[in-house]
Amino acid sequence: DELRHYYRFDNSCCKLQPDPDESVFHFRNFKGEMPRRWNSYGFVEADPQQTAASLFGHLTVGEKVAIITRFGSDAVQPYVEALQLKGLKVRVIEGQDGPADFCFLMSARKEIVGVAYSTYLIWAGYP
């Protein structure tokens, strides 16, 4: 509680927010952001099928997932398709600036999922 007092987040930068019953997947897409270096740094992310089966295997048909990404482009579509094959309702949040993305992650109530190398994910996941 003391840390929260000193590090209050100003949510005025929020453009969109997740639904209270929506899982949020932060698709970092290191490969898209750093095409020449991502693998040498060890920034490997689960592929779409692994993501659907392992990270979202606990969800049931009809549940919602918001995929938030700043470097998604065409790379996010296979993740959308893999999650939809499980019967999940999926939407993609992209094209926002960094603070708006961070605010979206901070506003998640159900769960946030992503790679541990994402500073935004780690900070937003702090209860």
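This section reports on the structure supplied with the text.

Calculation criteria
- Residues numbered from 1 in each chain as written.
- Predicted model: local features only at pLDDT ≥ 70, side-chain atom pairs only at ≥ 80, totals over all residues.
- Heavy atoms only, no water.
- Salt bridge = Lys/Arg side-chain N within 4 Å of Asp/Glu carboxyl O.
- Helix = DSSP H or I, 4+ residues; strand = E, 2+ residues; numbered from the N terminus.
- Buried < 20%, exposed > 50% of the residue type's maximum accessible area, 1.4 Å probe, protein only.
- Core = buried A, V, L, I, M, F, W, Y, C linked by side-chain atoms within 4.5 Å.
- Contact = heavy atoms within 4.5 Å.
- Phe/Tyr/Trp six-rings, centres within 6.5 Å; stacked < 30°, edge-to-face > 60°.

**Overview of the pattern of salt bridges**
A side chain of one charge can pair with a side chain of the opposite charge if their charged atoms are brought near each other.
Then comes step 1: Taken as a whole and assessed by the stated rule, the structure comprises six salt bridges.
Then comes step 2: A salt bridge links Lys110 to Glu63; its shortest N-O distance comes to 2.5 Å. Here Lys110, found in the loop between helix 5 (98-106) and strand 4 (111-114), pairs with Glu63, found in the loop between helix 3 (48-55) and strand 2 (64-68); they are 47 residues apart in sequence, far enough to count as distant.
Then comes step 3: Residue Asp101 is joined to Arg70 by a salt bridge in which the shortest nitrogen-to-oxygen separation is 3.8 Å. Remark: Arg70 occurs in the loop between strand 2 and helix 4 (77-85) and Asp101 occurs in helix 5; sequence separation between them is 31 residues.
Then comes step 4: Using a relative accessible area of 3% as the deciding quantity, one classes Asp101 as buried.
Then comes step 5: On the basis of relative accessibility, which here comes to 45%, the residue Arg70 falls in the partly exposed class.
Then comes step 6: Taken together, the salt bridges that share partners define one network made up of Asp19, Asp21 and Lys64.

**Observations concerning the nonpolar core**
Then comes step 1: By size, the foremost hydrophobic cluster in this structure holds 15 residues, and its most contacted members are Phe25, Phe56, Val65, Ile67, Leu83 and Leu88.
Then comes step 2: Of all elements in the fold, only strand 2 and helix 4 reach the threshold of two or more residues within this core.
Then comes step 3: When residues of this core are assigned to their parent elements, the largest contribution, four residues, is made by helix 4.
Then comes step 4: Excluding its chain neighbours within four sequence positions, the residues that come into contact with Val65 are Glu22, Ser23, Phe25, Phe56, Leu59, Leu83, Leu88, Lys89, Val90 and Arg91.
Then comes step 5: With seven residues, the next largest nonpolar core counts Val24, Ile93, Phe104 and Ala108 among its residues.

**Concerning the packing of aromatic side chains**
Then comes step 1: Tallied over the entire structure, the rule returns four aromatic pairs.
Then comes step 2: For the ring pair Phe25 and Tyr79, a centre distance of 5.9 Å and an interplane angle of 40° mean the geometry is tilted. Residue Phe25 is found in strand 1 (residues 22-26), and its partner Tyr79 is found in helix 4; the two are separated by 54 residues along the sequence.
Then comes step 3: By relative accessible area, which is 8% here, Tyr79 ends up buried.
Then comes step 4: Grouped by ring-pair contacts, the aromatic residues Phe25, Phe27, Phe56 and Tyr79 constitute a single cluster.

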